[in-house]
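Okay, here's what each chain looks like letter by letter:
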Amino acid sequence: MIVSFKIALRVLAFFLVILHLSAACSFAEDQFAHMRQQMVLWDLRGRGIKDPGVLSVMGKVPRHLFVDAAYRDQAYGDHPLPIGEGQTISQPYVVALMTEALRLGPHDRVLEIGTGSGYQAAVLSQIAKEVYTIEIRRSLADKAAKTLADLGYRNVTVKSGDGYFGWESEAPFDAIIITAAANHIPPPLIKQLKEGGRLIVPLGSTAYLQTLTLATKRKGELDVEQLCPVAFVPMKGEVQKP
Ligand code: SAH
């Protein structure tokens, strides 16, 4: 009798611990959701992002799960954060601005150069039909692919390689986003962009500031519009060759 009472007490204690842990987790998730809504309100809407689709998606994608645990508390501040290998996840405002500028529709297929953490790809995937994303650093590509799969973003395909050459077998794309600084637009990417397609890139000096540049393909030529100054990590590989 005493033995079974002791067992019953242990089982009860075990369930209480589980209950406590899951309550703590959902409290943390509520906190993150609250911080995310504040970010959308002040840093995105407050700074001029208007597209309701972009605002809604950025209110849902859990940016804190795309950074290491040590940075989770800072995930909804409007600044970049380290993601390893000297690279960064872009600040939320810039992610929103670039996504909005691409004017994506639900049938669009998008190519991203510079997967990094996978966060920008996750945001794009909730607005467009399919996202193909290329990362030059294999360890980052593998980590991002795992994060995206674990979180259930099934319409994103990640590969490791030099994004300068695009993704020939999946081309043409309705939109292309380059999330690393380049001093010119790689010609293979212009070729892989559909007529009427949009390409956005931080263009200029890779050592200092760049100009966020939106190019639209019309009759095979690029119509170029300069948006604002930005600072991105440099694109590596072929683009750097003289
Ligand atoms: N979009 C990312 C942040 C990009 S940081 C996010 O949401 O987290 C820029 C990334 O571009 C880095 O991870 C860097 O390794 C990658 N990169 C640099 N040159 C590249 C190239 N030639 N092809 C593909 N990726 C490249």
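Look above for the structure.
Rules used throughout
Residues numbered from 1 in each chain as written. Predicted model: local features only at pLDDT ≥ 70, side-chain atom pairs only at ≥ 80, totals over all residues. Heavy atoms only, no water. 1 Å grid on protein atoms, 1.4 Å probe; cavity = no way out; pocket = protein on both sides within 12 Å on 5 of 7 lines; lining within 4 Å. Points joined across faces, edges and corners; volume = space filled by probe spheres on them. Nonpolar A, V, L, I, M, F, W, Y, C, P; charged D, E, K, R; others polar. Helix = DSSP H or I, 4+ residues; strand = E, 2+ residues; numbered from the N terminus. Expected span 1.5 Å × (residues − 1). Buried < 20%, exposed > 50% of the residue type's maximum accessible area, 1.4 Å probe, protein only. Arc of directions from axis to C-beta. Contact = heavy atoms within 4.5 Å. Pairing = 2+ DSSP bridges. Axes fitted to C-alpha atoms, helices over the stretch in contact; angles between N-to-C directions. Core = buried A, V, L, I, M, F, W, Y, C linked by side-chain atoms within 4.5 Å.

1. Brief notes about the layout of surface pockets
Thinking step 1. Empty space within the largest pocket amounts to approximately 580 Å³.
Thinking step 2. Along the walls of the largest pocket sit 38 residues, with T88, S90, T179, F232 and V233 positioned nearest its centre.
Thinking step 3. Along the lines of polarity and charge, the residues of the lining of the largest pocket split into 19 nonpolar, 13 polar and 6 charged.
Thinking step 4. In this structure, the second largest pocket spans a volume of roughly 200 Å³.
Thinking step 5. As for the second largest pocket, its lining consists of 13 residues, of which L65, F66, V67, K143 and T147 are closest to the centre.
Thinking step 6. Elements supplying a minimum of two residues to the lining of the second largest pocket: β1 (81-84) and α5 (138-150).
Thinking step 7. For the lining of the second largest pocket, the leading source of residues is α5, giving 4 residues.
Thinking step 8. Class assignment of the residues belonging to the lining of the second largest pocket gives a composition of 7 nonpolar, 3 polar and 3 charged.

2. Section: α5
Thinking step 1. Here α5 contains 13 residues, and its C-alpha end-to-end distance of 18 Å stays within 8% of the 18 Å for a straight helix at 1.5 Å per residue.
Thinking step 2. Along α5, the residues classified as buried are L140, A141, A144, T147 and L148. All buried residues of α5 project into a common sector of 130 degrees when viewed along the axis, lining one side. Turned more than 90 degrees off the buried face of α5, the exposed positions are R138, K146 and D150.
Thinking step 3. Looking at the buried residues of α5, the elements they touch are β1, β2 (87-89), α4 (119-125), β4 (130-135) and β5 (156-160).

3. Side note on unusual backbone geometry
Thinking step 1. In this structure, the amide linkage connecting A171 to the following residue, P172, adopts the cis form with an omega of 5 degrees.
Thinking step 2. Here P172 shows up in the loop between β5 and β6 (173-178).
Thinking step 3. One non-glycine residue, E85, adopts positive backbone phi at about 55 degrees.
Thinking step 4. Following the sequence through the fold, E85 ends up in the loop between β1 and β2.

4. Things to note about the sheet that holds β4
Thinking step 1. Ordered in space as β5-β4-β3-β6-β7-β8-β9, the 7 strands form an open sheet in which the pairing is mixed. Only two strands of the sheet have a single neighbouring strand rather than two, namely β5 and β9 (221-230). Geometrically, the sheet is characterised by an average inter-axis angle of 15 degrees between neighbouring strands, direction not taken into account.
Thinking step 2. Summarising the sheet, strand β3 (residues 109-113) and β6 pair through 4 bridges and their orientation is parallel. Residue I113 lies in a different strand from β6, and its bridge partner there is I178.
Thinking step 3. In this fold α5 packs onto β4 and β5, with an angle of close to 165 degrees to the strand it touches most, β5.

5. Things to note about the nonpolar core
Thinking step 1. Core analysis: the biggest nonpolar cluster contains 46 residues, and L44 and M58 have the highest contact counts within it.
Thinking step 2. Elements with a contribution of two residues or more to this core: α1 (2-44), α2 (52-58), β1, α3 (92-101), α4, β6 and β8 (210-218).
Thinking step 3. Broken down by element, the residue count for this core peaks at 7 residues, all from α3.
Thinking step 4. Those residues in contact with L44 that lie beyond four places of it in its chain are M39, I49, L55, M58, P92, Y93 and A96.
Thinking step 5. The next biggest cluster of nonpolar side chains, apart from the first, holds 19 residues, and it includes Y132, I176, A180 and A182.

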